[in-house]
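Residues per chain, in single letters:
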Amino acid sequence: MAEKSGYNRPTNETRAEIAGSRERVSRDLRGLHYELDFSRKIRRSFREQTVSWIAAAAAVGALIAFAPMRKKKIYVDAKSGRKTKRKLVETGFVLGALKIGASLVRPVIVELVKNRLIGFAGRSRPAKKY
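Residues numbered from 1 in each chain as written. Predicted model: local features only at pLDDT ≥ 70, side-chain atom pairs only at ≥ 80, totals over all residues. Heavy atoms only, no water.

> Give a description of the packing of helix α1 (residues 11-36) against helix α2 (residues 38-48) that names residues and reports values.
At a minimum axis distance of 5 Å, the contact between α1 and α2 shows a crossing angle of 55°. Considered as vectors, α1 and α2 are oriented oblique to each other. Here Tyr34, Glu35 and Leu36 of α1 come into contact with α2, specifically with Phe38, Arg40, Lys41 and Arg44. Of the residues in the contact of α1 with α2, the class split is 3 nonpolar, no polar and 4 charged. (Axes fitted to C-alpha atoms, helices over the stretch in contact; angles between N-to-C directions. Helix = DSSP H or I, 4+ residues; strand = E, 2+ residues; numbered from the N terminus. Parallel < 35°, antiparallel > 145°, perpendicular 65-115°, else oblique. Contact = heavy atoms within 4.5 Å. Nonpolar A, V, L, I, M, F, W, Y, C, P; charged D, E, K, R; others polar.)

> Talk me through the confidence of the model for the protein chain; I want residue IDs and the actual numbers.
On average, residues of the protein chain score 81 in pLDDT, and 78% of them reach the 70 mark or higher. Mean pLDDT values over the elements of the protein chain span from 80, in helix α4 (residues 78-122), up to 91, in α1. (pLDDT = per-residue confidence, 0-100.)

> Please provide a residue-by-residue account of the packing of aromatic side chains, values included.
Applying the stated criterion across every chain, the model contains 1 aromatic pair. On the numbers, 6.3 Å between centres and 65° between planes, the contact of Phe46 with Trp53 is edge-to-face. (Phe/Tyr/Trp six-rings, centres within 6.5 Å; stacked < 30°, edge-to-face > 60°.)

> Can you tell me about the side chain of Asp37, naming the residues and giving the values?
Its place among the elements puts Asp37 in the loop between α1 and α2. Since its relative accessible area comes to 16%, Asp37 is described here as buried. Separated by 3.4 Å, the side chains of Asp37 and Arg40 make a polar contact. (Buried < 20%, exposed > 50% of the residue type's maximum accessible area, 1.4 Å probe, protein only. Polar contact = N/O pair within 3.5 Å; in protein donor to acceptor, adjacent residues only side chain to side chain.)

> Residues and numbers for the pattern of salt bridges, please.
Close approach of charged atoms allows side chains of opposite charge to pair. Applying the stated rule across the entire model yields 4 salt bridges. Its salt-bridge partner being Lys41, residue Glu35 comes within 3.5 Å of it at the nearest N-O pair. Owing to a relative accessible area of 44%, Glu35 belongs among the partly exposed residues under this scheme. With relative accessibility at 31%, the residue Lys41 sits in the partly exposed group. For Lys114, the salt bridge is made with Glu111, and the minimal N-O distance between the two is 3.9 Å. Pair noted here: Lys114 and Glu111 are both in helix α4, with a separation of 3 residues, about one helical turn. Since its relative accessible area comes to 41%, Glu111 is described here as partly exposed. (Salt bridge = Lys/Arg side-chain N within 4 Å of Asp/Glu carboxyl O.)

What follows is the structure, given as structure tokens:
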């Protein structure tokens, strides 16, 4: 048989059922909020197990600090080592020449900049009318 629709129930009974339903939903939501409040759980865990948290943090810090310290093996061919030394010497000569050239050109550049700045600063500007 088909169920009765419930239209014939008294309104007080329906209101009591609705109030109970609301109470269950609010209780479930409070429980869900409590379960999903991870910051509170972490704070409480830290208060109760401080030593464990500090030891874990120290272990993670040590792993991060010492992980990149492993040595990498680099294999160098004897012939390529000679080329590298020659390129290093050439680079040294080029850098030395650039330094000498820069020290010779520096006074010229300073004079040029000084003349340009003084030239712009020395111009007379018309007075503004207010």
